[in-house]
Amino acid sequence: QGANLTADELWAKLEAAKDSKSLLKKHLTKTLFDSNKDKVSKFKGTLADCMRSGCMNPDSGVGIYASDPDAYTTFAEVLDPVIKDYHKVDSLNHPKPDFGDVDNLGFGDLDPSGELIVSTRVRVGRSHASYGFPPVLTKEDRVEMERKTVAALETLKGELAGEYNPLTGMTADKQKQLTDDHFLFNDSDRFLREAGGYNDWPTGRGIFFSSNKKFLVWVNEEDHLRFISMQMGGNLGEVYTRLVKAIKALESSGLEFAKKDNLGYLTFCPSNLGTTLRASVHIKIPKLAAQPDFKEFCDKLNIQARGIHGEHTESVGGVYDISNKRRLGLTEIQALQEMRTGVEE
Ligand code: ADP
Ligand code: CIR
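About the thresholds
- Residues numbered from 1 in each chain as written.
- Chains lettered and ligands numbered in written order.
- Predicted model: local features only at pLDDT ≥ 70, side-chain atom pairs only at ≥ 80, totals over all residues.
- Near = placed C-beta within 6 Å.
- Domains from an automatic or database assignment.
- Helix = DSSP H or I, 4+ residues; strand = E, 2+ residues; numbered from the N terminus.
- Nonpolar A, V, L, I, M, F, W, Y, C, P; charged D, E, K, R; others polar.
- pLDDT = per-residue confidence, 0-100.
- Axes fitted to C-alpha atoms, helices over the stretch in contact; angles between N-to-C directions.
- Parallel < 35°, antiparallel > 145°, perpendicular 65-115°, else oblique.
- Left-handed = near helix turned anticlockwise from the far one by under 90°.
- Contact = placed C-beta atoms within 7 Å.
- Expected span 1.5 Å × (residues − 1).
- Buried ≥ 20, exposed ≤ 12 C-beta atoms within 10 Å, placed from the backbone.
- Arc of directions from axis to C-beta.
- Pairing = 2+ DSSP bridges.

(A) Representation of the site of ligand 2 in the model. Inspection of the region around ligand 2 gives S53, S60, G61, V62, G63, F191, E222, C269, S271, N272 and E311 as its neighbouring residues. When residues of the shell around ligand 2 are assigned to domains, at least three fall in each of domain 1 (7-87) and domain 2 (102-344).

(B) Quick look at the site of ligand 1. Neighbouring ligand 1 are 16 residues, the closest being S119, R121, H182, S280 and G310. The set of elements that each furnish at least two residues to the shell around ligand 1 consists of strand 1 (117-126) and strand 8 (278-284). Split into classes, the residues belonging to the shell around ligand 1 amount to three nonpolar, seven polar and six charged.

(C) Expanded view of the confidence of the model for the chain. Confidence in the prediction of the chain, expressed as mean pLDDT, is 97, and 100% of residues score 70 or more. Overall fold confidence for the complex sits at a pTM of 0.97, while the interface term, ipTM, reaches 0.97.

(D) The arrangement of the packing of helix 1 (residues 7-16) against helix 4 (residues 47-56) in detail. Between helix 1 and helix 4, whose axes approach to 9 Å, the crossing angle comes to 30 degrees. Here helix 1 lies roughly parallel to helix 4, going by the angle between them. In terms of crossing hand, the pair formed by helix 1 and helix 4 is left-handed. Contact residues: helix 1 offers A7, L10, K13 and L14, while helix 4 offers L47, A48, M51, R52, C55 and M56. Residues belonging to the contact of helix 1 with helix 4 are distributed by class as follows: eight nonpolar, no polar and two charged.

(E) Quick peek at helix 6 (residues 76-87). Between its first and last C-alpha atoms helix 6 spans 16 Å; for 12 residues at 1.5 Å apiece the expected length is 16 Å, and the two agree. The complete set of buried residues in helix 6 reads V78, L79, V82, I83, Y86 and H87. Looking down the long axis of helix 6, one finds its buried residues gathered within 125 degrees of arc, a one-sided arrangement. The first or second residue beyond helix 6 is K88, which carries a positive phi of 55 degrees.

(F) Examining the environment of L79 more closely. Here L79 lies in helix 6. Setting aside residues up to four positions removed in sequence, L79 forms contacts with I64, A66, A71, Y72 and P270.

(G) The arrangement of the environment of L250 in detail. Position of L250 relative to the elements: it lies in helix 10 (residues 236-251). Spatially, the C-alpha atom of L250 lies 7.0 Å from that of A152, the residues being 98 residues apart in sequence. For L250, the residues in contact, after removing those within four places along its chain, are A152, F227 and L255.

(H) Representation of unusual backbone geometry. Following W201, the chain continues into P202 via a peptide bond in cis, with omega recorded as 0 degrees. Here P202 is to be found in the loop between helix 9 (190-194) and strand 3 (206-210). The backbone of N262 shows a phi angle near 75 degrees, a positive value even though the residue is not glycine. Looking at the element boundaries, N262 is found in the loop between strand 6 (259-260) and strand 7 (264-265).

(I) Here's a closer look at the sheet that holds strand 2 (residues 162-166). Strand order in the open sheet formed by eight strands is 2-3-4-5-1-8-10-9, with antiparallel pairing between adjacent strands. Strands with a single pairing partner mark the edges of an open sheet, and in this sheet they are strand 2 and strand 9 (303-306). For this sheet, the mean inter-axis angle between neighbouring strands, taken without regard to orientation, is 20 degrees. Where strand 3 and strand 4 (residues 215-219) come together, four bridges link them in antiparallel fashion. Bridging from a neighbouring strand, G206 pairs with V219 of strand 4. Lying on the sheet, helix 7 (residues 139-153) is in contact with strand 2, strand 3, strand 4 and strand 5 (225-232); it crosses strand 4 at an angle near 165 degrees. With respect to the sheet, helix 13 (residues 332-344) is in contact with strand 8, strand 9 and strand 10 (319-324), its orientation differing from that of strand 10 by roughly 140 degrees.

(J) Inspection of the domain arrangement of the chain at higher detail. Taken domain by domain, the chain holds domain 1 (7-87) and domain 2 (102-344). Using C-alpha coordinates to define each centre, domain 1 is positioned 25 Å away from domain 2. Counting residues at the interface gives 22 residues for domain 1 and 23 residues for domain 2. Considering every element that reaches the side of domain 1 that touches domain 2, the biggest residue donor is helix 6, with five residues. By residue class, the composition of the side of domain 1 that touches domain 2 is 12 nonpolar, six polar and four charged.

(K) Inspection of helix 7 at higher detail. Taking 1.5 Å per residue, 15 residues should reach 21 Å; helix 7 reaches 21 Å between its end C-alpha atoms and fits that length. Of the positions making up helix 7, those classed as buried are R142, M145, E146, T149 and L153. Here the buried residues of helix 7 occupy an arc of 105 degrees about the axis, which is enough to place them on one side. Opposite the buried face of helix 7, at more than 90 degrees from it, the exposed residues are E140 and R147. Along its buried surface, helix 7 packs onto strand 2, strand 3, strand 4 and strand 5.

(L) Region of interest: the pairing of strand 1. Along strand 1, eight of the 10 residues are buried, which leaves the element largely enclosed by surrounding structure. Relative to strand 5, strand 1 runs antiparallel, the two being bridged by eight bridges. Across the sheet, residue R123 finds its bridge partner in strand 5, namely I228.

Given below as structure tokens:
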């Protein structure tokens, strides 16, 4: 709907949205808007591309996406305050990657009783350095990126080796089953749609599974790549160790990922950049979640509660997705530890 609106028209919508609580609404002043609305990034991204979703969806939490990796430079004046606010940091000073000593993590299963935690998942996002993000991509770009990604995935060995399943041509039944099982993504998020995330759907999208289905890669969902390790139960140690192995293998597979000093790995949404790591459990907490101060409890521990079918969905039967909220300004192992501490609490 917002695809053809100009920056000024989008701004008018944001201005009219008096009740919006988004970080875009909070930080984009008229002065900043005016001095940035005519800039164009190296990938031909504009401020309108970045703010479209948040202006069309005033109930956004964040409300802004980066049109491409260079948007974090071109539109830094607009994006930096949002990034600091979301990740709760005073300055942008992201550390070098540090995955910790995976052979001596000092923890394994967060729920040996098996009664509370249904499943555990850790994901990171990666972007190809030489391509823009959804608002500026063409159908040809998506097809090319898919081809390069699949070639890299085919180099994986051992327990990580597997098979790529393109979305194009996948039966509706298979898609539904994979979605119900929490493996596959779909095109139902209105925030992502408005940002251009579903342009040319389903071209160029797909999912890679290792043979035991515990390591997955999403291709051209919100980010160019999402590496995911997941399994039933609460063994965070196993899930994380598998993911770290996969990241290291894919980093030496010939792909070049977008990074920026002080911001870490770059992603489409500023809430994901830095470590890009989201570690989550599906956990049964009907009584805790019914407490009036549940949101405050989560905020204090820097954890976030989502429904079990992903962001912007509801809980089912008192089962919540609990994950670390911050991904920037701390290392990968620290982000994981924030989630672990929160879940244990
Ligand atoms: P992300 O940005 O991490 O990919 P979403 O909230 O969109 O997050 O979730 C993506 C998918 O992953 C959803 O289908 C969700 O149900 C699934 N998921 C997330 N955490 C877990 C978990 N701990 N166990 C099983 N499935 C999970
Ligand atoms: C929002 O602002 O609420 C949406 N644009 C989503 C923000 C964070 N989540 C995400 O990127 N998946």
